Amino acid sequence: MKISTCLVPLMGVYGADAKGSFLQSPSIVATNINPAEAIHTTTVEYDGKDGILLPQDNRNGWVNPEDLAPMPQCIAQQDQSTWLRAMTKCTSKRCTSHFAFICTHHQWLTQLSCLSIAFSPDIIESYLPYCGRSVLAKAQLYQWVHIITGRTWLIDVGDASGLKSLSPHSLAEGYAAVNVIHNAPTCLSDSVSASSMEPFRHVMASCGFTSTTQHTGNAARPWEYSERLRSMIALDFETVGYDLVQRRIYDLVLHRIGDGDYFDKDCFCNTFNIDLNNEPCSGSGQLDFTKERLWIYATCGSTSLPENWADTLKTTQFAYIPIEDWHWPKCVTDMPEQVIGLTDQCATDACEVGGYCKIKRAVDRACFCRNINYDSCGGSCQIFETRIDYIKWLHDLCGNVQDWHGLPDNWRQLAVPTTLDMIPWGWKLKPFNDSDITYTASLGDARATEKCASNESKLTSFALVNIATFLGVALSQRIRIIRRVARRLPWNPQPWPWVVKGTLIAALQLFANLFNILLIQQTPGYENVPVIQLMLLWSSMPRPTWLTISLIGVPTFGDLKFFAAGSSLYAEVILQFLSAYYLLMTVHYGRKHHFYFGGMDGAERGGPAKMMYAGALAWLIIVSVVIAQVIRAIRMSRLTRPVFDTPDWQGGKQTTSKIEELMDHLDECCTGLVESRGSEETPLIKSKGRDHTDYGTYSVKGHDDRVSKKSFLGLYAATIISMLLLWIAQWLFWGGFIGLSAEEFCLPQLRVLTAIWTAFSLVGAIIII
């Protein structure tokens, strides 16, 4: 015999003594008869068709009371007096054993035909309102009536339709375990229904059922006639089991529930209701009030609650943040202790969202936000990326808290990189303590007067310097040609002048930068201009070297054009090397702060900043490709060099040969203009020594001349294209930088500076030719 451990306390029908035996509750009948006094009789059997009770000992329609079906659960939970009177009416003492005409044994028996009449629809009707709360209890009652009376209805014909074959879908709202009552606050579980004044626990019991049908009492003797009380008494009743719905194989497999006690949600929610104007837990504190509403919502849904029922609850959905979900911004190390301690100061218990209330330790969002604002934390919390993270953290945490205004009015500008944040270096070119320029560090905003030249003026100045260089080279080239034609003097260049000239040209450019810096330092307010930093930055200004080389014309190795182009190229290499400091700094800074991956979106002057960082990255890519090709050409030159070379000490011819060989490989790597030699043109015997004879289909000297010419053409084209791409990249860099740092890069006396740059550029152009 399996005893329900939950329904009995809830229903108050049976109690257990210290030995574990179950005694009849006075709620069934006012007596203390011990079930052990009952006489044990035969057990019952069922047919395999419709479930009608077939007593083993049927004496012409009279059966032992213990052979009858146990009392249904919903009857045991009510006043059974009418029920017991009906059974008593059909029970009488009958002779069960004769000796001749003398009765030797009498026994209390119940007449089945009488029960069919006694349990009329009128009797059932008085019990149906309570038993009809749950479809499971109603189905159990129907089975008892059908077994005892054979009737297929309860009150009216057809009212038991569907009760004989239930499905899991018969429970409209489903079911829940009875132990969820522990999730309800005491103020709710001790309350009564607003409409019927029935206690919460009684309503729960009326809707309860077990996983399988169980006997509560003496299963072997569910009924007995008490001679002292002159009435039938119930010694057992059956709980409502969920197996009532398991009538089909797929239901048995798919919808079987575990052992335990459950209740019908639809039954409970239709029976128990609360007064929305005076809820059971409205005066028991916010946490109990939250538990109450969450319990009702999880059980019955929102239809049993007022509109906006969740607005004032103490849940972790928004108003309360679980401790395990709390996070600090990146600048937490610079936060003062009073801010860190707010999490302990505002800690409280709250209900986790989802289902019944699950207590979580949480931080009261409103409490925390009342005690913090943007100025509560300094240091790294107000510096660039950590500042942005700090502002976003504050906005996400407190932005939707009512009456919180802890962010400054310009917080949207602070939440993205400012102008100063996007400049990779920390120094500025602007007057120091200049009253004409006001500067706000938090915004990077400045208002400049006429002392700070406009962006258009700066760009025009750089353009004029480029144009002057072009004009100087063009004029010098033309003068040189005229002089050579007039004098018809041969020119025998030496290998070293182009290196000296290139160095001199680069030195002139650096000297012009230094001269301008010294001139700027003489301007009031600019005394602390960083000399070296500004010289390196100005070294990255765009120079039309590609145009200079193209104006010189296609060079031939060893002639005037070759050495002029070499001087210009060598000077450009020196200046590009110096400009690498700031261009590489820009690329590194942009990568570190994710500027190449959307880090400047929404920032003021984001367009010029993107142009500047794009120019620096393009410069790095172009330089990397050029260096890679040069290294590859040098390696190829070493691999193809003969193992035993005959030294040639005359006039640098060996050096010239090596340069020609290197140019051949540069040509193959950069332009691919040198075609492979055909088999018909390949000489049979070739030697580069002075005293050796060459045999073949044509002259080796003529062949080498043509190859050298092609090499010069390829190298010439590759050089011009590389210089052009670098020039474009530097213009992008400087155009973006000037647009970004309009007021942070002030150039006083811009006309004078431009004139000096132009003059030195003209001198350099003259030196080239």
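Residues numbered from 1 in each chain as written. Predicted model: local features only at pLDDT ≥ 70, side-chain atom pairs only at ≥ 80, totals over all residues. Heavy atoms only, no water.

Student: In this structure, what is going on with the sheet that holds strand 14 (residues 236-238)? I would like to understand it.
Tutor: Hydrogen bonds between backbone atoms are what pair the strands of a sheet, whose relative direction is either parallel or antiparallel. As summarised here, the arrangement of the 3 strands in space is 6-14-11, forming an open sheet in which the pairing is mixed. Each having just a single partner strand, strand 6 (71-72) and strand 11 (215-217) make up the two edges of the open sheet. The pairing of strand 6 with strand 14 spans 2 bridges and is parallel. Looking across to strand 14, one finds that proline 72 is bridged to glutamate 238. (Pairing = 2+ DSSP bridges. Helix = DSSP H or I, 4+ residues; strand = E, 2+ residues; numbered from the N terminus.)

Student: Mind showing me how you'd approach the pairing of strand 18 (residues 359-364) here?
Tutor: In the case of a regular strand, side chains alternate between the two sheet surfaces. Across 3 bridges, strand 16 (residues 320-322) lies against strand 18 in antiparallel orientation. Its bridge partner being in strand 18, tyrosine 320 is matched across the sheet by aspartate 364. Across 5 bridges, the pairing between strand 17 (residues 347-351) and strand 18 is antiparallel. Its bridge partner lying in strand 18, alanine 350 is registered against lysine 360.

Student: Is there a simple way to think about empty space enclosed by the protein in this case?
Tutor: Over the atoms rolls a probe the size of a water molecule, and in doing so it shows where empty space is left. Here the structure, examined in full by the defined rule, presents 1 cavity of 30 Å³ or more. By volume, the largest cavity amounts to about 340 Å³. As for the largest cavity, its lining consists of 24 residues, of which Thr469, Ile505, Gln509, Arg543 and Ser761 are closest to the centre. Going through the elements one at a time, helix 18 (455-487), helix 19 (497-521), helix 21 (545-552), helix 22 (560-592) and helix 26 (750-768) are the ones with two or more residues in the lining of the largest cavity. Among the elements that take part in the lining of the largest cavity, helix 26 stands out by supplying 6 residues, more than any other. Each residue belonging to the lining of the largest cavity can be placed in one class, and the counts come to 14 nonpolar, 8 polar and 2 charged. (1 Å grid on protein atoms, 1.4 Å probe; cavity = no way out; pocket = protein on both sides within 12 Å on 5 of 7 lines; lining within 4 Å. Points joined across faces, edges and corners; volume = space filled by probe spheres on them. Nonpolar A, V, L, I, M, F, W, Y, C, P; charged D, E, K, R; others polar.)

Student: Sorry, what's going on with the state of the cysteines here?
Tutor: Any covalent bond linking the sulfur atoms of two cysteines counts as a disulfide. This structure, assessed with the given rule, holds 10 disulfides. Covalently, cysteine 331 is tied to cysteine 381 through a disulfide, its sulfur atoms 2.1 Å apart. Note on the cysteine 331 and cysteine 381 pair: the S-S dihedral is about 100°, so by sign convention the disulfide is right-handed. One end of the pair, cysteine 331, is in the loop between strand 16 and helix 12 (337-340); the other, cysteine 381, is in the loop between helix 14 (365-370) and helix 15 (384-398), and 50 residues separate them in sequence. (Disulfide = S-S within 2.5 Å.)

Student: What is the right way to read helix 11 (residues 286-300) from this model?
Tutor: Because each turn of an α-helix spans 3.6 residues, side chains separated by three or four positions in sequence point in the same direction. Between its terminal C-alpha atoms helix 11 stretches 21 Å, which fits the 21 Å expected from 15 residues at 1.5 Å a residue. Looking only at helix 11, the buried set comprises Phe289, Thr290, Glu292, Arg293, Leu294, Trp295, Ile296, Thr299 and Cys300. Packed against the buried residues of helix 11 are helix 7 (186-189), helix 8 (200-206), strand 15 (261-264), helix 10 (265-271) and strand 17. (Expected span 1.5 Å × (residues − 1). Buried < 20%, exposed > 50% of the residue type's maximum accessible area, 1.4 Å probe, protein only. Contact = heavy atoms within 4.5 Å.)

Student: Which parts of the structure should I look at to understand the sheet that holds strand 10 (residues 208-210)?
Tutor: Sheet architecture is open: 3 strands sit in the order 9-15-10, paired in antiparallel fashion. Two strands in the sheet have a free side with no partner beyond their single neighbour: strand 9 (175-177) and strand 10. Ignoring strand direction, the axes of neighbouring strands in this sheet form an average angle of 35°. In this structure, strand 10 lies alongside strand 15, joined through 3 bridges in antiparallel fashion. When the sheet's bridge partners are listed, phenylalanine 209 is paired in strand 15 with tyrosine 262. (Axes fitted to C-alpha atoms, helices over the stretch in contact; angles between N-to-C directions.)

Student: How should the packing of aromatic side chains be read in this particular structure?
Tutor: By convention here, two paired aromatic rings are described through the distance between centres and the angle between planes. Counted under the stated rule, the structure contains 47 aromatic pairs. An aromatic cluster is built from Trp425, Trp427, Phe462, Trp538, Tyr581, Tyr582, Phe733, Trp734, Phe737, Phe745 and Trp757, whose rings are joined through pairwise contacts. Taking NZ or CZ as reference, arginine 94 lies 4.5 Å from the ring centre of tryptophan 62, over its face. Here arginine 365 stacks its cationic end above the ring of phenylalanine 318, 4.0 Å away from the centre of that ring. (Phe/Tyr/Trp six-rings, centres within 6.5 Å; stacked < 30°, edge-to-face > 60°. Lys NZ or Arg CZ within 6 Å of the ring centre and 35° of its normal.)

Student: I keep staring at the UniProt feature "transmembrane region" (unreviewed entry) in the protein chain and nothing clicks. Help me out?
Tutor: According to UniProt, the feature "transmembrane region" (unreviewed entry) maps to residues 459-477, 498-520, 532-557, 569-591, 611-631, 713-738 and 750-768 in the numbering used here. Taken end to end, residues 498-520 is 100% helix and 0% strand, and its two terminal C-alpha atoms sit 33 Å from one another. (UniProt positions renumbered as here; feature names shortened; annotations may be inferred.)

Student: Sorry if this is basic, but what is going on with the pairing of strand 12 (residues 223-226) here?
Tutor: Judged by which residues are buried, strand 12 turns out to be covered on both faces: Trp223 and Tyr225 on one side and Glu224 and Ser226 on the other are all buried. Across 4 bridges, strand 12 lies against strand 13 (residues 231-234) in antiparallel orientation. Across the sheet, residue tyrosine 225 finds its bridge partner in strand 13, namely methionine 232. Count of turn residues in the strand 12/strand 13 antiparallel hairpin: 4 residues, of which arginine 230 carries a positive phi of about 55°.

Student: Help me understand the side chain of histidine 593 in this model?
Tutor: Relative to the helices and strands, histidine 593 resides in the loop between helix 22 and helix 23 (606-640). Non-local contacts of histidine 593, meaning those with residues more than four positions away in its chain, are made with Phe384 and Glu385.

Student: Hey, could you run me through the environment of histidine 182 in this one?
Tutor: Looking at where histidine 182 falls in the secondary structure, it is placed in the loop between strand 9 and helix 7. Taking the C-alpha atoms as reference, histidine 182 lies 10.0 Å from tyrosine 356; in sequence the two are 174 residues apart.

Student: Mind showing me how you'd approach the pattern of salt bridges here?
Tutor: Here the idea is simple: oppositely charged side chains can pair when their charged atoms come close. All told, the structure shown has 12 salt bridges when counted by the stated rule. The salt bridge partner of arginine 293 is glutamate 279, with a shortest N-O separation of 2.6 Å. Taken as a pair, arginine 293 in helix 11 and glutamate 279 in the loop between helix 10 and helix 11 lie far apart in primary sequence, 14 residues in all. Assigned by exposure class, arginine 293 and glutamate 279 land together as buried. Lysine 430 is the salt-bridge partner of glutamate 744, the closest N and O atoms lying 3.7 Å from each other. Of the two residues, glutamate 744 sits in the loop between helix 25 (700-740) and helix 26 while lysine 430 sits in the loop between helix 17 (419-422) and strand 19 (438-440), which places them 314 residues apart along the sequence. Residues glutamate 744 and lysine 430 agree in their burial class; the two are buried. Connected through salt bridges with shared partners, the residues Glu66, Arg221 and Glu224 form a single ionic network. (Salt bridge = Lys/Arg side-chain N within 4 Å of Asp/Glu carboxyl O.)

Student: Any chance you could explain helix 5 (residues 121-131) here in plain terms?
Tutor: All of the buried residues in helix 5 are Ile123, Ile124, Tyr127, Leu128, Tyr130 and Cys131. The arc that holds every buried residue of helix 5, seen down its axis, measures 155°, which confines them to one face. Exposed positions of helix 5 whose direction lies more than 90 degrees from the buried face are Asp122 and Pro129. Those residues of helix 5 hidden inside the fold are in contact with helix 2 (73-76), helix 3 (81-89), helix 4 (112-118), helix 6 (135-149) and helix 8. (Arc of directions from axis to C-beta.)

Student: Is there a simple way to think about the nonpolar core in this case?
Tutor: Considering soluble globular proteins, one finds that nonpolar side chains tend to be buried as a cluster. In terms of nonpolar packing, the biggest core is built from 58 residues, with Leu429, Leu534, Leu537, Trp538, Trp734 and Phe745 touching the most fellow members. Excluding residues that lie within four positions of it along the chain, leucine 429 makes contacts with Ile520, Tyr526, Val529, Leu534, Glu744, Phe745, Cys746 and Leu747. Membership of the second largest hydrophobic core comes to 48 residues, among which are Ala86, Tyr130, Leu141 and Phe209. (Core = buried A, V, L, I, M, F, W, Y, C linked by side-chain atoms within 4.5 Å.)

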